[in-house]
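Chain by chain, the residues:
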Amino acid sequence: MSLKGKAYIVGAYEHLTRKAPDKSLAQLHAEVAKGALDDAGLSKTDVDGYFCASGDTPGLGGLSMVEYMGLRVRHIDATDTGGSSYIVHVGHALEAIAAGRCNIALVTLAGRPRSEGMQTGTAPRVGNVQQPDVQFEFPYGPATANMYAMAARRHMHQFGTTSEQLAWVKVAASHHAQHNPHAMLPKVVTVEEVVSSPMVADPLHRLDCCVISDGGGALVITRPEIAKNLKRPKVKVIGVGEASKIQGGGVGLDLTYSAGRESGKAAFEMAGLGPSDVKYVSIYDSFTITVVMQIEDLGFCEKGQGGKFVADGNLISGVGRLPFNTDGGGLCSNHPGNRGGMTKVIEAVRQARGEAHPKVQVKNHDIVLAHGTGGSLATRHVGATVILERE
Amino acid sequence: MSDKVYPAVPPTPGTEPYWEGAKGGKLLVKWCQDCGKPHHYPRGVCPHCMSTNLEWREAKGTGEIYTYSIMHAAKPAYVVAYVTLDEGVSMLTNIVDVDPGKVKVGQKVKVVFKPSEGGGKLPCFTPV
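Residues numbered from 1 in each chain as written. Chains lettered and ligands numbered in written order. Predicted model: local features only at pLDDT ≥ 70, side-chain atom pairs only at ≥ 80, totals over all residues. Heavy atoms only, no water.

**Here's the deal with the overall build of chain B**
As a reminder of what qualifies: Here a helix means four or more residues in a row that DSSP labels H or I, a strand means two or more in a row labelled E, and each is numbered from the N terminus. Within these notes, the globule rule equals 2.2 Å times the number of residues to the 0.38 power, and the radius of gyration is based on C-alpha atoms. Partly exposed describes any residue whose relative accessible area lies between the buried limit of under 20% and the exposed limit of over 50%, with all areas from a 1.4 Å probe on protein chains only and scaled to the type maximum. Note on contacts: a residue pair qualifies if any of its non-hydrogen atoms lie within 4.5 Å across the two residues. The Shrake-Rupley method, run with a 1.4 Å probe, gives the accessible areas here. Residue values count only the displayed protein chains as cover. A positive count includes Lys and Arg, and a negative count includes Asp and Glu. His and the chain ends are not counted in either. We put the charge of a Lys on NZ, of an Arg on CZ, of an Asp on CG and of a Glu on CD.
When you go through chain B residue by residue, the secondary structure sums to one helix and eight strands. For chain B, the α and β elements follow one another from N to C terminus as α-β-β-β-β-β-β-β-β. Relative to a compact globule of 128 residues, whose C-alpha radius of gyration would be 14 Å, chain B shows 15 Å and is just as compact. For chain B, with 128 residues in total, the buried portion stands at 49%. Considering only contacts within chain B whose residues lie at least 6 apart along the sequence, 47% involve residues at least 24 apart. Of the accessible surface of chain B, which amounts to about 5,800 Å², a share of 52% is contributed by carbon and sulfur atoms. Computed over 15 positive and 12 negative side-chain charges, the separation of the two mean positions in chain B equals 4 Å.

**Here's the deal with the pairing of strand β8 (residues 235-245) of chain A**
All names here are of chain A. Stated formally: Here, any two strands with at least 2 DSSP bridges between them count as paired.
Counting buried residues along β8, nine of its eleven residues qualify, which places the element largely inside the surrounding structure. Here β8 pairs with strand β11 (residues 380-390) via ten bridges, running antiparallel. Bridge pairing in β11 links G241 to T385.

**Considering the pattern of salt bridges**
All names here are of chain A. Selection criterion: We define a salt bridge as a side-chain nitrogen of Lys or Arg found within 4 Å of a carboxyl oxygen belonging to Asp or Glu.
According to the stated counting rule, one finds 30 salt bridges over all chains in the structure shown. A salt bridge links R261 to E262, with the shortest nitrogen-to-oxygen separation between them at 3.5 Å. A relative accessible area of 40% means that R261 is categorised as partly exposed. Through salt bridges that share partners, E14, R18, E347 and R350 make up one connected network.

**Section: unusual backbone geometry**
Going from D202 of chain A to P203 of chain A, the amide bond is cis rather than trans, its omega being 10 degrees. Within the secondary structure, P203 of chain A is located in the loop between β5 (199-201) and β6 (204-205). Along the chain, H40 of chain B connects to Y41 of chain B via a cis peptide bond; the corresponding omega equals -5 degrees. Here Y41 of chain B lies in the loop between β2 (38-39) and β3 (54-58). A positive phi is found at N325 of chain A, a non-glycine position, where the angle reads about 40 degrees. Tracing the backbone through its elements, the reader meets N325 of chain A in the loop between α11 (306-310) and α12 (329-332). We note that D97 of chain B has phi near 55 degrees; this positive angle belongs to a residue other than glycine.

**Regarding the confidence of the model for chain B**
Close inspection of predicted coordinates is inappropriate for parts of the model with low pLDDT. For the record, the criterion: Along the chain, pLDDT gives the predictor's confidence residue by residue, from 0 to 100.
Of all residues in chain B, 98% attain a pLDDT of 70 or more, and the chain-wide mean is 96. Predicted complex, confidence summary: ipTM 0.97, pTM 0.97.

**Some details on the state of the cysteines**
Residues and elements named next belong to chain B. Going by this rule: Sulfur atoms of two cysteines make up a disulfide when they are within 2.5 Å.
As enumerated under the stated definition, the model contains zero disulfides over all chains in all. The thiol sulfur of C32 is not disulfide-bonded, and the nearest other cysteine sulfur, from C49, lies at 3.6 Å. Its sulfur unpaired, C35 is 3.7 Å from the next cysteine sulfur, which belongs to C32.

**Looking at the interface of chain A and chain B**
Condition: Put simply, buried area is how much 1.4 Å-probe accessible surface two parts lose in total, over both of them, once they are put together. Residue polarity is assigned by list, with Asp, Glu, Lys and Arg as charged and Ala, Val, Leu, Ile, Met, Phe, Trp, Tyr, Cys and Pro as nonpolar; anything else, Gly included, falls into the polar class.
Each side of the interface is counted separately: chain A has 40 residues, and chain B has 40 residues. Taking both partners together, chain A and chain B bury about 3,200 Å²; carbon and sulfur atoms supply 65% of that area. The tally of links from chain A across to chain B stands at zero salt bridges. Mapped by element, the contributors of at least two residues to the side of chain A that touches chain B are α4 (134-137), α5 (144-159) and β5 of chain A. A class-by-class count of the residues in the side of chain A that touches chain B yields 19 nonpolar, 14 polar and seven charged.

**Describing the side chain of R154 of chain A**
Let me state the cut-off plainly: Polar contact is the term for a pair of N or O atoms within 3.5 Å; when the atoms are in protein, one must be able to donate a hydrogen and the other to accept it, and sequence-neighboring residues count only if both atoms are side-chain atoms.
With respect to the helices, strands and loops of the structure, R154 of chain A is situated in helix α5. Lacking a salt bridge, the buried R154 of chain A has E64 of chain B as its closest oppositely charged neighbour, with an N-O distance of 6.0 Å. A polar contact of 2.9 Å, which involves the side chain of R154 of chain A, links it to the backbone oxygen of Y66 of chain B. When neighbours within four sequence positions are excluded, R154 of chain A is seen to be in contact with T256 of chain A together with Y66, T67 and V105 of chain B.

**A closer look at the environment of T379 of chain A**
Relative to the helices and strands, T379 of chain A is located in the loop between β10 (367-376) and β11. The class of T379 of chain A is buried, set by a relative accessible area of 1%. Along the chain, T379 of chain A and Q294 of chain A lie 85 residues apart, while their C-alpha atoms are 14 Å from each other. In contact with T379 of chain A, other than residues within four places in its own chain, are M147, K245, I246, Q247 and L255 of chain A together with Y82 of chain B.

**Topic: the sheet that holds β2 of chain B**
Residues and elements named next belong to chain B. Read from one edge of the open sheet, three strands run β2-β1-β3, paired in antiparallel fashion. The open sheet has two edge strands, β2 and β3, and neither has a second partner. Examined bridge by bridge, strand β1 (residues 28-32) and β3 share five bridges and lie antiparallel to one another. What sits directly across from W31, in β3, is E55.

**Points about the side chain of T120 of chain A**
All names here are of chain A. Looking at where T120 falls in the secondary structure, it is placed in the loop between β4 (104-111) and α4. T120 sits in the buried class, given a relative accessible area of 10%. Polar contacts involving the side chain of T120 include one to the side chain of N338, which spans 3.0 Å. Setting aside residues up to four positions removed in sequence, T120 forms contacts with P113, R125, T144, I212 and N338.

Quick look at the structure:
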């Protein structure tokens, strides 16, 4: 049985804060939950399914948060795939709703790495020493930025991708961010400014990297019978996919592709659509290379042609073929909890509803896509894709 | 860079031979005696076929750089890389004892052992 269309996103809310030293992580989760439920026209007593990622949720899985928020749920899912978790959760909520496990699913993300002074991308982190790779990797200083940089370096070597092409991703994001009053970096930048910004992890410059921010976001997802009686524009979930990418024990290592290859294929198959049907994309933009690689893997261009594809404003709304991240994305607006998947879904919902900023709203917004990578691009991650239809 | 002492993470059950080998100047790679393939990082169960019939073999210690990045955000900057050994298995490592600006994809490298915390040694690579 196809799950296509068996659920709707009826509530979406992004926390306005970018720095929240005075708020606890639990409070941020609860505030975004309230925001998404208000958006949907529902209350917390309606919620019977709770979805979160264990890594950004204080306490044991989702248990502490349902206790904090006073939720009485009959389904709980704390799947954590890093930044792509909340895109995964859309699919998991769809499945749970279709299976009768819940009627109204709440998904939350929150984080405050900025207030905590976390050097998100540049400081290697030990994590759990039982994690089997840690003793063989941590001593070498792998941080987020240099791991992604190695994927970028290989992409450049193999396909001739240039720093200037990567820079176009940031330039496009900045063109969108100028219209977002909450964006951390609302100034329009040029390719020259990106490639002349300080090198963080060669070949990635500071402006190839996303921001570090506090904040969060939440979604409310429900079954068609309930969605039809709610006030908001109808955004139907018509395709979902998730897939893992691993190093394969070091044999045949290939850092030039992501799990988007499989997750995108699965989502398009469920939707019965292809890349040419998509009018807007939210693509996780932890770094500029992340966008280029995922656009290729989702089939918007041939493998290796992503650099050429994103150049010359092709991702700018109203200018290019594939408008992306019209809120400014992680590169310019925010990156709550170092996890970009939630805001990707939220901006896709805004676009599908026709509620993005008028300067960046795409005209024909019947089919939109959100995609993300959680973990480390190219070496080990989970990619997740959702395709939404404005009904 | 030459006086850098690398951080160390304690071994987990089954990985001690790798670190003992490194201390003695040997780079050990796990090979599966059932499917015949190597893997890295070393595991107790083959990631290719799930066999536990594994053995340690000493690698030649030579290979080439698959990709790298110079971490300018750190002072001093260091070079993280994936090196593909001649045996066909790739490993995360550092490229050392070289001007970072001279490092290239495809460059031939050989293993060198650098001191790590607790008196151990860490396999790193340097251009041949």
